[in-house]
Amino acid sequence: MSAPVHARGGPATATRRAVLWVPDWPVAAAMREGGWGADAPAAVLHGRGMVAVSAAARASGVRRGHGKRQAQRACPDLAILPYDEGRDAREFEAVAAAAEEVVAGVEISRPGLLMIPAGGAARFHGSEEALAEALVSAVAEASGHECAVGAADGLLAAIMAARASMLVPEGRSAEFLADAPVESLALAAMERRQREGVEDLVSVLGRLGIATLSQFTALPAGDVLARFGPVGRWAHRIGHGEDVRPPVLRRSEEDIEVGYEFEEPAERVEQLTLVAAESSRRLDEALLEAGVRCSRVRISARTERGDVLERVWRTDVGSRAGAFARHMADRVRWQLEGWLSGTGSGPEPAPLTSLTLTAQEVIALGDEQAYLWGGVSGADARAQRTVERMQSLLGPDAVLAVREQGGRSPRDRVLAAPWGQEAVPARNVAHPWPGRIPDPAPATVLPLPEPMQVLDAGGSPVMVDRRLALSAPPTWVRLQADPGKARAAAARRHPAAGHVGDEPTWGEAQPVEAWAGPWPIAERWWSADASRRAYLQVALHRADGGPALLAAFSGGQWWLEALYD
Amino acid sequence: MLKPQHDVVGGSRAERLAAARLALAAVETRVGTTREAGDRPRLPLTETLEPLLPEGLQRGTVVSVEGSTSLMLALAAGASREGSWAAIVGMPAVGIVAAARRGIDLARLVLVPHPGTQAVEAAGACVDGMDVTLLGPRLALSDQDRRRLAARARERGSVILASGPWAGAHLTLAVERSAWRGLGAGDGRLRERDLTVAVTGRRSGAVRRVRVTLDADATGMRVATGSRVAEEVA
């Protein structure tokens, strides 16, 4: 290893590594997924410009950064594909898996770019040329993508070598980099944010008259840091051919999972109890054998109709020995029972044909693990046991864990899920949610809104029109009578009291002391679950003050949403 | 335990007796068998509620709260913030956002909204395992069940906060009057409120009336947000 030794900060390191690069990865992945041939002209559009262009499109004059119109003018039959980072990463798994057939550990720097420590792998295959050949042919055979392989010392040199399909001899990387333009620094930036910073830096360097890496790296490091900050320092080191961090290799490992095929489709709960216990025990054994513990278990089952049901449960049983199998058996049984009876909002209940338990978030035994509530103290373990006891007593769905989630109305802002079950918030709590009902939050939020009446001084209902104007100031409020006071309500159920048919029984009209609103909330107007409401905060005038109310006007009617009690 | 015995083996009879008594007392305090009625351990309480319960929220007691869910949540908040676990049984309508804003840690909060006919078992399990248990107003609990739960709480050192009347509660907090401020005629928003609470202790004779301000938010920043809301509406 011939690393340039730096004056300060100890010896700089530059690992010899091979880089596998698939040209125009986003467009290659998109074309593969869309079923396009490799020679079709295609480009991936993100925002206002093309982020990747296929070889055929480039030949007809489409370039990265072109707008949609400009690209279509250059190549009228260009296929414009949507940008999707998830797809890029997903498709690249096939390439990474193919490369792992050849070498033991790879690092995916970004979709389209793989790092491989060259030393050991090249020795195994005989030479770097043989390694490169093996990689290219393995990737082409297994995934069908063409790729280029290069090797050099240090990150930037290796990436540039791969783009040129070169094997830079050991110790020659600094020369190889010297004449490269400063724009090539952006190739070593792996995240979009970082790349933007580097591109800014490069444009400033261009205006300062610095064109090549050797000119840039000739500048004193301290001055670069003082002028350009951390980005400049990073670029300076990368431009020298150094590595800023060692490669992080991933090892492919089989999932730890156990499966169970029902000999005949299970329809009854009794059939499942033993299966749940048995498969939990086998999962426990498999985990012990691998010397690991997991903090989540994915339970999935296949029904006779072909539906796949899946649910993730947390298994924070701490270090209690032997608790795992029993704990898991309960959860598997509950989940299967739920799927069989179809109480959840899933597909139609149907007999189950197979069951799979997969361990997730696997860690080695003995490694300390951060639990949901921090360490395992006596009180936490006691509370956890209490919850388990209640779940076995009342059923898993009766004991809930709650979280805040995003939303505007008080009801939308709560995410409740059976204790121990993973629930994904529908709305991100970190988003701003403009127009949400201001704090303080109401202490009582009715699970289902109740009808109520908001009346003006003359006793006729107050309405909110399309322009969010109230027809009259609210003066009286009538709530539904307490069902416990049915007898008192029956007396008022006289036609003379204004009750007709199945209408709810109204209580006494109560005078309004103060009110605020209406605050409009129109949500998801584009979808089927659109809602358009106007909210009103009302304080009642009573001898004891009484609670304040949150009322919502929706569909021509007032609803009692919450009580500030 | 062995070491002090070795030290006093050679001492006089009186010294050995004194040492033995000392050891016994140490064991008793550690196990907690002798506890004075007055110096029960306490759960932490939010500062705003200190005038309400100057002696603090004693472990092993039942506090009945009438007329305000916010007050119940506020009573539980101090303990929850300091690491206690809390359970809410039989209150399907409790506002979770309000609970979180009052300081209850949602990671240590367990909800049993509809215990149904097994209210006694659920409440009992919570009293056993959690530090604070909030019980809703319409639970299927007989007076005998309530006495048993109270005895269990005393034994386990947990606190029951019951909504509505509870025969034999150590402390009854009844909200007599609540006054909201911040609302106008179509403008403003609910900002803060004063609760007038009648505190009746089982031991203390007279009823004490205390005024506490919940949701107090001082400062002009809040006023500014209030006016902004009004503008949006207009």
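In this text, all values refer to a predicted model and were calculated from it rather than measured experimentally.

Undergrad: Which parts of the structure should I look at to understand the overall build of chain B?
TA: For chain B, the count of helices and strands is seven helices and 11 strands. Buried positions account for 50% of the 234 residues belonging to chain B. For chain B, the accessible area works out to roughly 11,500 Å², and carbon and sulfur atoms hold 52% of it.

Undergrad: Help me understand the interface of chain B and chain A, please; the structure alone is not making it clear to me.
TA: Many analyses report the size of an interface as the accessible area lost when the parts associate. Each side of the interface is counted separately: chain B has 51 residues, and chain A has 50 residues. Counting each side, the surface lost to burial between chain B and chain A is near 4,200 Å², with a carbon and sulfur contribution of 61%. Summed over the three residues of chain B that lose the most area to chain A, namely Trp85(B), Val97(B) and Leu190(B), the buried surface amounts to 13% of that side. Our count for the chain B to chain A interface comes out at four salt bridges.

Undergrad: How should I be thinking about the environment of Gly546(A) in this particular structure?
TA: If you trace the backbone, Gly546(A) turns up in the loop between β17 (531-540) and β18 (548-554). Under the relative-accessibility criterion, Gly546(A) is labelled buried at 8%. Separated by 19 residues in the primary sequence, Gly546(A) and Asp565(A) place their C-alpha atoms 7.5 Å from one another. Excluding anything up to four places from it in sequence, Gly546(A) contacts Ser178(B) and Trp180(B).

Undergrad: I'm lost on the pairing of strand β3 (residues 62-66) of chain B in this one. Help?
TA: Looking down a regular strand, the side chains alternate between one sheet face and the other. Residue and element names in this part refer to chain B. Where burial is concerned, most of β3 is hidden: four out of the five residues are buried. Pairing of β3 with strand β7 (residues 159-163), which is carried by four bridges, proceeds in the parallel orientation. Among the inter-strand pairings, Val 65 is bridged to a residue of β7, identified as Ser 163.

Undergrad: Would you explain the pattern of salt bridges in this entry?
TA: A side chain with one charge can pair with a side chain of the opposite charge if their charged atoms come near. Residues and elements named next belong to chain A. Within the structure shown, the criterion is met by 25 salt bridges over all chains. Arg 333 serves as the salt-bridge partner of Glu 337, at 3.3 Å between the closest nitrogen and oxygen. Here Arg 333 and Glu 337 lie together in helix α13 (residues 323-341), a separation of four residues that amounts to about one turn. Given a relative accessible area of 23%, Glu 337 falls into the partly exposed group.

Undergrad: Would you take a moment to explain the confidence of the model for chain B for this structure?
TA: Do not read the predicted coordinates in detail wherever pLDDT is low. Residues and elements named next belong to chain B. Looking at chain B, the pLDDT average stands at 81 and 83% of residues meet or exceed 70. Across residues 1-6, where pLDDT falls below 50, the model places two contacts with residues more than four positions away in sequence or in other chains. The low-confidence segment residues 218-234 (pLDDT under 50) makes 11 contacts with residues lying over four places distant or belonging to another chain.

Undergrad: Any chance you could explain the environment of Asp128(B) here in plain terms?
TA: Looking at the secondary structure, you find Asp128(B) in helix α5 (residues 119-129). The class of Asp128(B) is buried, set by a relative accessible area of 13%. The sequence separation of Asp128(B) and Gly157(B) amounts to 29 residues, and the corresponding C-alpha distance is 8.8 Å. If we ignore the near neighbours within four places in the chain, the residues touching Asp128(B) are Arg382(A), Arg389(A), Arg152(B) and Arg156(B).

Undergrad: Explain unusual backbone geometry to me, please; I cannot follow it from the model alone.
TA: Apart from glycine, the bulk of residues carry a negative phi angle, and the bulk of peptide bonds sit in the trans form. All names here are of chain A. The linkage connecting Asp 439 with the following residue, Pro 440, adopts the cis geometry, with an omega of 0°. By the secondary structure assignment, Pro 440 is in the loop between β13 (414-418) and β14 (444-455). Here the phi dihedral of Asp 24 falls at roughly 50°; this positive angle occurs in a residue that is not glycine. Within the secondary structure, Asp 24 sits in the loop between β1 (16-21) and α1 (25-34). The phi torsion at Trp 433 lies on the positive side, around 50°, for a residue other than glycine. According to the relative accessible area criterion, Trp 433 is buried, its value standing at 14%.

Undergrad: Would you mind going over helix α7 (residues 155-163) of chain A with me for this structure?
TA: One turn of the α-helix equals 3.6 residues, which is why residues spaced by three or four share an orientation. Residues and elements named next belong to chain A. Of all nine residues that make up α7, eight are buried, and the element is covered over most of its length. Turning to α7, its buried residues are Leu 155, Leu 156, Ala 157, Ala 158, Ile 159, Met 160, Ala 161 and Ala 162. On its buried face, α7 is in contact with β1, β6 (113-117), β7 (148-153), α8 (173-178), α10 (213-217) and α11 (221-239). The positive-phi residue at the C-terminal boundary of α7 is Ser 165, with phi of around 50°.

Conventions adopted
Residues numbered from 1 in each chain as written. Chains lettered and ligands numbered in written order. Predicted model: local features only at pLDDT ≥ 70, side-chain atom pairs only at ≥ 80, totals over all residues. Heavy atoms only, no water. Helix = DSSP H or I, 4+ residues; strand = E, 2+ residues; numbered from the N terminus. Buried < 20%, exposed > 50% of the residue type's maximum accessible area, 1.4 Å probe, protein only. Areas by Shrake-Rupley, 256 points an atom, 1.4 Å probe, with all protein chains shown as cover. Contact = heavy atoms within 4.5 Å. Buried area = accessible area lost by both parts, 1.4 Å probe. Salt bridge = Lys/Arg side-chain N within 4 Å of Asp/Glu carboxyl O. Pairing = 2+ DSSP bridges. pLDDT = per-residue confidence, 0-100.

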